[in-house]
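Coordinate inspection notes
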Amino acid sequence: MPEPVVSSVVAELRDRIQRLEGPSGRVREVLPFGVTEIDSRLPGGGLALAALHEVAGGGNGAIDGAAAALFAAAIAARSKGQVLWCVTRPDLFAPALAQVGLLPGRVIYVEAGDEKSLLSCMEEGLRHGGLGVVVGELARLSMTASRRLQLAAERSGTIGIAIRRWRRQTEASDFGQPTASVTRWRVSVLPSSPLPVPGVGRPRWLLELIRCRAGDSADFEVEAPDATGRIALPSELVHGSPQTETGRRSASA
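Everything numeric here is computed off the predicted structure, so don't read it as measured data. (Residues numbered from 1 in each chain as written. Predicted model: local features only at pLDDT ≥ 70, side-chain atom pairs only at ≥ 80, totals over all residues. Heavy atoms only, no water.)

**Regarding the sheet that holds strand β5 (residues 107–111)**
Read across the sheet, eight strands follow the order β5-β4-β6-β7-β3-β8-β9-β10 without closing on themselves; strand pairing throughout is mixed. Each having just a single partner strand, β5 and β10 (218–223) make up the two edges of the open sheet. Each adjacent strand pair in this sheet contributes to an overall mean axis angle of 20°, direction not counted. Sheet topology places strand β9 (residues 204–212) next to β10; six bridges connect them, and they run antiparallel. Looking across to β10, one finds that Glu208 is bridged to Asp219. (Pairing = 2+ DSSP bridges. Helix = DSSP H or I, 4+ residues; strand = E, 2+ residues; numbered from the N terminus. Axes fitted to C-alpha atoms, helices over the stretch in contact; angles between N-to-C directions.)

Spelled out as structure tokens, the structure:
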């Protein structure tokens, strides 16, 4: 077999293997949080691009649900390009997203009639390739649906974020079912940061990394995103307060 033909066959085989392996077989680009304690827990040092991620509120109430949406918005704010945000009910408060850096001019809102239509919109958005982030709010996410979203994200290089929201308590158990998401997060609201004078300090969250492909679970007490979409560790954690260090623990699914 002539040398050029051999080289062509080898190159084709390498390309096929690379496609089968997906991003796990290549160096994965990431979006760092800018918090060493969190980024060090994530493969590559940040939130993987070209991947699907899941976020949910720690409880069933509207407050934790809003925190989960703000967490997703803060990630989108630090990305590049337009953001497609898909919903089935028109209750998203755009000014709150702007407060964490996701300005209205960057967001394209899609109101789908049901979750089946919403998943189709998310998949089309991820396949488009011209968006920075595609966000979808839904209660159920099957392995098949999540796999389709993950493959679409891998091919386009776009971040996909599924915000899990429930109308009924019976739907909440679906969040524990296996999916193809690269990471799974849970956000719970904590008392705000104390101030030396009367008033309300910066909001705090318990941020739980429940699942991370090729990584470990962990949880972090953080301050909610600022106007640039960046979360931070409370100052007493940065300086290694013994009380807060003992409060940190591994998260369980």
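Alright, that's what it looks like, and here's the rest.
**Observations regarding the environment of Ser142**
Positionally, Ser142 belongs in the loop between β6 (131–138) and α6 (143–156). Overall, Ser142 belongs to the partly exposed group, its relative accessible area being 40%. Distance in space between the C-alpha atoms of Ser142 and Phe175 is 9.7 Å, their sequence separation being 33 residues. A distance of 3.1 Å separates a polar side-chain atom of Ser142 from the backbone nitrogen of Ala145. (Buried < 20%, exposed > 50% of the residue type's maximum accessible area, 1.4 Å probe, protein only. Polar contact = N/O pair within 3.5 Å; in protein donor to acceptor, adjacent residues only side chain to side chain.)

**Description of unusual backbone geometry**
Although it is not a glycine, Ala50 sits at a positive phi angle of roughly 55°. Along the chain, Ala50 turns up in the loop between β2 (47–48) and β3 (52–57).

**Some points on the packing of aromatic side chains**
Ring pairs (aromatic) are described by centroid distance and by the angle formed between their planes. For the structure shown, the criterion picks out four aromatic pairs. Relative to Trp185, the ring of Phe71 has its centre 5.5 Å away and its plane inclined at 55°; by these criteria the two rings are tilted. Of this pair, Phe71 sits in helix α3 (residues 62–77) while Trp185 is found in strand β8 (residues 183–190), placing the two residues 114 residues apart along the sequence. Exposure class is identical for Phe71 and Trp185. Each is buried. Through pairs of rings, three or more aromatic residues link up here, namely Phe33, Phe71, Trp185 and Trp205. (Phe/Tyr/Trp six-rings, centres within 6.5 Å; stacked < 30°, edge-to-face > 60°.)

**Focus on the nonpolar core**
Formed by 40 residues in total, the largest nonpolar core has its most connected members in Phe33, Ile38, Phe71, Trp85, Leu102, Ile161 and Trp185. Secondary-structure elements contributing two or more residues to this core are α3, β4 (82–87), β6, β7 (159–164), β8, β9 and β10. Residue contributions to this core peak at nine residues, all from α3. The contact partners of Leu102, leaving out residues within four places of it in the chain, are Ala73, Ala76, Ala77, Val83, Trp85, Leu97 and Val107. Leu52, Leu84, Cys86 and Leu141 belong to the second-largest nonpolar core, a separate cluster that totals 17 residues. (Core = buried A, V, L, I, M, F, W, Y, C linked by side-chain atoms within 4.5 Å. Contact = heavy atoms within 4.5 Å.)

**Focus on the packing of helix α5 (residues 115–128) against α6**
Here α5 crosses α6 at 20°, and the two axes come no closer than 8 Å. If you check the angle between α5 and α6, you find them roughly parallel. Note that α5 runs across α6; the crossing there is left-handed. Taking contact as the criterion, the partners of Leu119, Met122, Glu123, Leu126 and Arg127 in α5 are, on α6, Ala145, Arg148, Leu149, Ala152, Ala153, Arg155 and Ser156. (Parallel < 35°, antiparallel > 145°, perpendicular 65-115°, else oblique. Left-handed = near helix turned anticlockwise from the far one by under 90°.)

**Digging into α6**
An α-helical segment advances 3.6 residues per turn. Residues three or four places apart therefore align on the same side. Between its first and last C-alpha atoms α6 spans 20 Å; for 14 residues at 1.5 Å apiece the expected length is 20 Å, and the two agree. The secondary structure elements touched by the buried residues of α6 are β3 and α5. Directly beyond the C-terminal end of α6, a positive phi value near 85° is found at Gly157. (Expected span 1.5 Å × (residues − 1).)

**Topic: the side chain of Ser181**
Relative to the assigned elements, Ser181 resides in the loop between α7 (169–172) and β8. For Ser181, the side chain forms a polar contact with the side chain of Glu54, separated by 2.9 Å. Contact partners of Ser181, with chain neighbours within four places excluded, come to Leu52, His53, Glu54, Leu141, Arg211 and Arg213.

**A closer look at the state of the cysteines**
Summed over the entire model, instances satisfying the criterion amount to zero disulfides. Cys121 supplies the cysteine sulfur nearest to Cys86, a cysteine that is in no disulfide, at a spacing of 5.3 Å. Judged by relative accessible area, which is 26%, Cys121 ranks as partly exposed. (Disulfide = S-S within 2.5 Å.)

**Digging into the pattern of salt bridges**
Oppositely charged side chains can form a pair if their charged atoms are brought close together. Inspection of every chain in the model, using the stated rule, returns nine salt bridges. Two residues, Arg127 and Glu123, come together in a salt bridge whose shortest N-O distance is 2.8 Å. Of this pair, Arg127 and Glu123 both sit in helix α5, four residues apart, which is roughly one turn of that helix. The class for Arg127 is partly exposed, based on a relative accessible area of 38%. Classification of Glu123 as buried rests on a relative accessible area of 9%. For Glu223, the salt bridge is made with Arg202, and the minimal N-O distance between the two is 3.4 Å. Of this pair, Glu223 sits in strand β10 while Arg202 is found in the loop between β8 and β9, placing the two residues 21 residues apart along the sequence. Three or more residues joined by partner-sharing salt bridges are found here, namely Glu54, Arg164 and Arg184. (Salt bridge = Lys/Arg side-chain N within 4 Å of Asp/Glu carboxyl O.)

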